[in-house]
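Topology and contacts: notes
Here's the letter readout for the chains.
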Amino acid sequence: MRHGISVAVSRVAPGVDFPIATLIINVLGSCLMGVLAETFVLRGAGDHPLRLFLTTGVLGGFTTFSTFSLDAVALYDRGEVAAAGFYVLASVVAALLSLVAGIAMARTFLGGGVS
């Protein structure tokens, strides 16, 4: 899935020398993490083995902190300090907001309420 998104982004934005695909992948993965984790909690299955497989295994393999780190350092090494800083800040803030949004979606659609 990660490769497919990277290919799609390179086709939509050819020649863009910014790690948009990794940013999208990590934000999307964070949202899905929120949805899955909260779904298991709301269903009373917070310790179910499938939860660990899906969150740590599948989503852990989909998102990629190592690629994020490499992309940030590559921007910095190319002298694009502002872009590197923006990328790090945008990745962290967007991923956290996306995770919170995923939790809220799970609560809304599964009747757990939003807090």
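The structure this text deals with has already been given above.
Keep in mind the model is a prediction, meaning the values are calculated, not measured. (Residues numbered from 1 in each chain as written. Predicted model: local features only at pLDDT ≥ 70, side-chain atom pairs only at ≥ 80, totals over all residues. Heavy atoms only, no water.)

**Let's talk about the side chain of S30**
This is how it is decided: A run of H or I in DSSP counts as a helix once it spans at least four residues, and a run of E counts as a strand once it spans at least two, with each numbered from the N terminus. Exposure is judged per residue with a 1.4 Å probe applied to protein chains only, and the accessible area is read against the type maximum: over 50% gives exposed, under 20% gives buried, and values in between give partly exposed. Here, two residues are considered to be in contact whenever any of their heavy atoms come within 4.5 Å of each other.
You can see S30 is positioned in helix 2 (residues 20-42). Here S30 falls in the buried class, since its relative accessible area comes to 16%. Once residues within four sequence positions are removed from consideration, S30 is found in contact with T63, A95, S98 and L99.

**Some words on the pattern of salt bridges**
Rule in force here: Any Lys or Arg side-chain nitrogen located within 4 Å of an Asp or Glu carboxyl oxygen qualifies as a salt bridge.
One pass over the structure, following the stated rule, counts three salt bridges. Of the charged contacts, one joins R78 and D17 as a salt bridge, the two residues approaching to 3.4 Å between their closest N and O atoms. Of this pair, R78 sits in the loop between helix 4 (65-77) and helix 5 (81-110) while D17 sits in the loop between helix 1 (2-12) and helix 2; the two residues are 61 residues apart in sequence, bridging distant segments of the chain. Its relative accessible area of 41% is what places R78 among the partly exposed residues. R78 is the partner of E80 in a salt bridge, and the nearest nitrogen-oxygen pair spans 3.0 Å. Through salt bridges with shared partners, one network takes in D17, R78 and E80.

**Comments concerning the packing of aromatic side chains**
Selection rule: Working definition: rings of Phe, Tyr and Trp (its six-membered ring) pair if their centres are within 6.5 Å, and the pair is stacked with planes under 30 degrees apart, edge-to-face with planes over 60 apart, and tilted otherwise.
In this structure the tally under the stated criterion is four aromatic pairs. Each ring, one from F18 and one from F86, has its centre 6.2 Å from the other, and the planes form 45 degrees; the classification is tilted. With F18 in the loop between helix 1 and helix 2 and F86 in helix 5, the pair connects residues that are 68 residues apart, well separated along the chain. On the accessibility criterion, F18 (22% relative accessible area) is partly exposed. Centre to centre, the rings of F65 and F68 are 5.2 Å apart; their planes meet at 45 degrees, and the pair counts as tilted. A residue pair is termed a helical-turn pair when its members lie 3 or 4 positions apart in one helix, as F65 and F68 do in helix 4 at three residues. Taking the relative accessible area as the measure of exposure, F65 reaches 63% and is therefore exposed. Owing to a relative accessible area of 8%, F68 belongs among the buried residues under this scheme. Taken together, the ring pairs connect F18, F65, F68, F86 and Y87 into an aromatic cluster.

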